Protein chains: 6
Amino acid sequence: MKVGRREHFNAAHRLFKKEWSDEKNLEIFGKCSNPNYHGHNYVIETWVEGPIDPTTGYVVDLKILKDIVIQEVCDRFDHRNFNLDIPEFENLIPTAENIAVVSWRLIRAKLPKHLDLVVRLHETENNVVEYDGSDEL
Amino acid sequence: MKVGRREHFNAAHRLFKKEWSDEKNLEIFGKCSNPNYHGHNYVIETWVEGPIDPTTGYVVDLKILKDIVIQEVCDRFDHRNFNLDIPEFENLIPTAENIAVVSWRLIRAKLPKHLDLVVRLHETENNVVEYDGSDEL
Amino acid sequence: MKVGRREHFNAAHRLFKKEWSDEKNLEIFGKCSNPNYHGHNYVIETWVEGPIDPTTGYVVDLKILKDIVIQEVCDRFDHRNFNLDIPEFENLIPTAENIAVVSWRLIRAKLPKHLDLVVRLHETENNVVEYDGSDEL
Amino acid sequence: MKVGRREHFNAAHRLFKKEWSDEKNLEIFGKCSNPNYHGHNYVIETWVEGPIDPTTGYVVDLKILKDIVIQEVCDRFDHRNFNLDIPEFENLIPTAENIAVVSWRLIRAKLPKHLDLVVRLHETENNVVEYDGSDEL
Amino acid sequence: MKVGRREHFNAAHRLFKKEWSDEKNLEIFGKCSNPNYHGHNYVIETWVEGPIDPTTGYVVDLKILKDIVIQEVCDRFDHRNFNLDIPEFENLIPTAENIAVVSWRLIRAKLPKHLDLVVRLHETENNVVEYDGSDEL
Amino acid sequence: MKVGRREHFNAAHRLFKKEWSDEKNLEIFGKCSNPNYHGHNYVIETWVEGPIDPTTGYVVDLKILKDIVIQEVCDRFDHRNFNLDIPEFENLIPTAENIAVVSWRLIRAKLPKHLDLVVRLHETENNVVEYDGSDEL
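Rules and cut-offs
- Residues numbered from 1 in each chain as written.
- Chains lettered and ligands numbered in written order.
- Predicted model: local features only at pLDDT ≥ 70, side-chain atom pairs only at ≥ 80, totals over all residues.
- Heavy atoms only, no water.
- Contact = heavy atoms within 4.5 Å.
- Salt bridge = Lys/Arg side-chain N within 4 Å of Asp/Glu carboxyl O.
- Polar contact = N/O pair within 3.5 Å; in protein donor to acceptor, adjacent residues only side chain to side chain.
- Helix = DSSP H or I, 4+ residues; strand = E, 2+ residues; numbered from the N terminus.
- Least-squares fit on C-alpha atoms with pLDDT ≥ 70 in both.
- Buried area = accessible area lost by both parts, 1.4 Å probe.
- Axes fitted to C-alpha atoms, helices over the stretch in contact; angles between N-to-C directions.
- Parallel < 35°, antiparallel > 145°, perpendicular 65-115°, else oblique.
- Left-handed = near helix turned anticlockwise from the far one by under 90°.
- Nonpolar A, V, L, I, M, F, W, Y, C, P; charged D, E, K, R; others polar.
- 1 Å grid on protein atoms, 1.4 Å probe; cavity = no way out; pocket = protein on both sides within 12 Å on 5 of 7 lines; lining within 4 Å.
- Points joined across faces, edges and corners; volume = space filled by probe spheres on them.
- Patch = residues over 30% accessible without salt bridge, like charges linked within 9 Å, V, L, I, M, F, W, Y side chains within 5 Å.
- Areas by Shrake-Rupley, 256 points an atom, 1.4 Å probe, with all protein chains shown as cover.
- Lys, Arg positive; Asp, Glu negative; His and termini not counted.
- Charge placed at Lys NZ, Arg CZ, Asp CG, Glu CD.
- Buried < 20%, exposed > 50% of the residue type's maximum accessible area, 1.4 Å probe, protein only.

(A) View of the interface of chain C and chain D. Each side of the interface is counted separately: chain C has 18 residues, and chain D has 18 residues. Here chain C is connected to chain D by one salt bridge. Salt-bridge contacts for Lys 2 of chain C lead to Glu 130 of chain D; the nearest nitrogen and oxygen are separated by 3.5 Å. On the surface where chain C and chain D come into contact, there are seven residue pairs in polar contact (both at pLDDT 80 or more). Taken together, the elements giving at least two residues each to the side of chain C that touches chain D come down to strand E1 (2–13) and helix H2 (62–77) of chain C. Sorting elements by how many residues they give to the side of chain C that touches chain D places E1 of chain C first, with five residues.

(B) Representation of the relation of the copies chain D and chain A. Mapping chain D onto chain A calls for a screw motion: a turn of 180° about the axis and a shift of 0.0 Å along it, with 0.0 Å RMSD after fitting. Overall, the copies show the geometry of a two-fold rotation axis. Here 100% of the interface residues in chain D have copies in chain A that are interface residues too; the copies meet face to matching face.

(C) Main features of the interface of chain D and chain A. In this assembly, 24 residues from chain D lie in contact with 24 residues from chain A. Across the interface of chain D and chain A, roughly 1900 Å² is buried in total on both sides, 43% from carbon and sulfur atoms. Between chain D and chain A we count four salt bridges in total. The residue Asp 78 of chain A makes a salt bridge to Lys 31 of chain D at a minimum N-O spacing of 2.6 Å. In this assembly, chain D and chain A are joined by 17 residue pairs in polar contact (both at pLDDT 80 or more). At the level of elements, strand E1 (2–13), strand E2 (38–49), strand E3 (80–81) and helix H3 (82–85) of chain D are the ones that each hand at least two residues to the side of chain D that touches chain A. The greatest single-element share of the side of chain D that touches chain A, amounting to five residues, is contributed by E1 of chain D.

(D) Up close: the packing of helix H2 (residues 62–77) of chain E against helix H4 (residues 96–108) of chain E. Residue and element names in this part refer to chain E. It is the contact of H2 with H4, at a shortest axis distance of 9 Å, that shows an interaxial angle of 140°. Comparing the axis directions of H2 and H4 gives the class oblique. H2 and H4 meet at a crossing whose hand is right-handed. Listed contacts from H4 to Ile 68, Val 69, Glu 72, Val 73, Arg 76 and Phe 77 of H2 are Ile 99, Val 102, Ser 103, Leu 106 and Ile 107. Here the contact of H2 with H4 is built from residues that sort into eight nonpolar, one polar and two charged.

(E) Region of interest: the relation of the copies chain C and chain D. With an RMSD of 0.0 Å, chain C superimposes on chain D once it is rotated by 120° and translated 0.0 Å along the axis. The two molecules are tied by a three-fold rotation axis, judged by turn and shift. Across chain C, the rotation axis passes nearest the C-alpha of Glu 125 of chain C, at a separation of 8.8 Å.

(F) Molecular detail of the layout of surface pockets. Considered as a void within the structure, the second largest pocket measures approximately 1000 Å³ in volume. Taken together, 36 residues form the lining of the second largest pocket, with Lys 2 and Glu 130 of chain A, Lys 2 of chain B together with Lys 2 and Glu 130 of chain F sitting closest to its centre. Looking at the lining of the second largest pocket, the elements with two or more residues in it are strand E2 (38–49), strand E4 (116–122) and strand E5 (127–131) of chain A, strand E2 (38–49), helix H4 (96–108) and strand E4 (116–122) of chain B together with strand E2 (38–49) and strand E4 (116–122) of chain F. Looking at the lining of the second largest pocket residue by residue, the classes come out as 16 nonpolar, one polar and 19 charged.

(G) How the structure looks around a negative patch on the surface. A surface patch of like charges, here negative, comprises Glu 49, Asp 116, Asp 132 and Asp 135 of chain A, Glu 49, Asp 116, Asp 132 and Asp 135 of chain B together with Glu 49, Asp 116, Asp 132 and Asp 135 of chain F. Relative to the assigned elements, Asp 135 of chain A resides in the segment after E5. The class for Asp 135 of chain A is partly exposed, based on a relative accessible area of 45%.

Everything listed is a geometric property; what it means functionally is a separate question.
Below, the structure is given as structure tokens:
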């Protein structure tokens, strides 16, 4: 049984590699590398898999999952600039993929061990990424 | 190949364990345990997996799947109170997880054997569960 | 200039007129009159019209509008039963129309006088009502 | 007859009044005044009202309206920072209201005179503004 | 008070004027004039305005409005070709605007006189038209 | 890590088997076999799975994936009639399943070998299919 919770946050970012010239950044990242940042309404879906607790009928209380996601991810990223404000991205390009990996680690650390976790992150209504932690192992 | 069909029903419920005191119910289920019920517009996605029938180009005719879901799930639950009106929940807390399990069993019983089934149930636009029957085995 | 804010709450209700027999209620309200209630995920859009404040660039701070809607409407109705828990509906059938009128009055009382108000209430993804207070005058 | 076209762009902004202290900005604009910007996926709906051209059956060819909106609004704002990159906001706070006014003027200048224009701008899925140009007159 | 109901139908069409050459049709209507038709999932929102009936709490029973829309519009247009199957479009180009006018007239004829009617027709998720009958007068 | 891109196209089709009588086609395909075609706003989600490139932070640049999907699928199918205009369907019934298989093959041929591909095709807001290429092997 899987259960999912949807939350959102709004943030600014820029796709930019310090080691590269502006021309190289523009070539690879296009307008996503514009120097003064742009931003998104990110939607994060957090999916947790595990058995139903026969006492409560829950896999996990979604109010608790909601609190973890808001505290670990939304409060940290909301109305922030990934490049300038979030230490994890000091040397990591804030692509949707990398934001998903960082979010997965933050949520994973607060979840009970017996539950599996997948994070799906929508950057726009047309672009989405999904991470299940398998690259961690 | 998987094919999915989306249907919906509106119902009332209350998360409440008879063996517990009102205080214990409130502690575990919060406002979901309010005595006079609340309700949701449930959206049920039914996903069926199997080979494409080379004669028709269908895995299963979605009109037939639609009829099964409406007859087995929507007509049974729509405009009903899970706690009071649906026998399966006489001793089962009507969490989204348990409603998904009951729906899965009802649909499964009407589907051809060679098709696999997953039920995804949206309780609100932010809360969703998904069940593939694996706990049945 | 109009500005809108979207919030939601989940509640149970039953369309039922005390003065009528069960047969008459069933004839007029159909399954919406089922005795044990059903429920919805209500979505309320609150639209406010007025001039832009040149100092702030706001018609009204949407965070303030959000707080008013949550306090006056969502906190009052969420996870409640309109027929049993909400005094305004003791002698008023909780149709979407009447819930919109009651919500409009509650929000109107907290808004600055120079702003106009429209409430749009979605009962399901297919059914919606909109009230601008014009029947009040 | 009204016809509407939906487009979108992603941008960064910060709500901030130069004449105010950081404390005053924080008091009025909250986290929207964070110094390093945040951003949104803006959705702009452009509504045009006029008679149906009996020759084409169109009020206006929506492909033409699309081109105007993309050229005048999306190409100008997309992947930009309203505060730093867009001259119209050098002395104008980039609230959704003010972005809608600026967008309305840019589109209005390219539309045939006999057509009326309304711009609806969604800043998030919960916050939206609508401008019909009436403050211009 | 306004109440709205959302329904849908799927149909094929082609924008094409018999009196014009293929080149002229292509110049004006672009790929919408392709000879073998294309199609859409049309979504029709029917908005009705009137006073709340104090007996029922309804402006109009949305189940009745639903039946009118399905019978007059959806059953007539669903899985049809506007150019070939629908008599009203024998000499009328099936633009969204004209489909909205025809739908408005069909629904208007079945509605009680004291109720006002607006039809909003979504041709795609980005293109929409709205008709209030004012060109009829 | 999976990344997804959403695109859309509008097309006409008819479910119809040449070898069958009209009666047999109507019996199996219902109104989907109507002779003059109907149509849909198809939404195609393209999901690609692979490792994050540590240099760019991308699994695949979604702008490149977008270009592949538009060139291989949307430009080919948009504003076309599957039965009459698309060679792949000369002897293949254009069900959503078969359109997904054909789209999968077209996109697969342009993707780097180390990436896995899943195509999800929405025919209406209620009907969807998903294909991962497993029947190809």
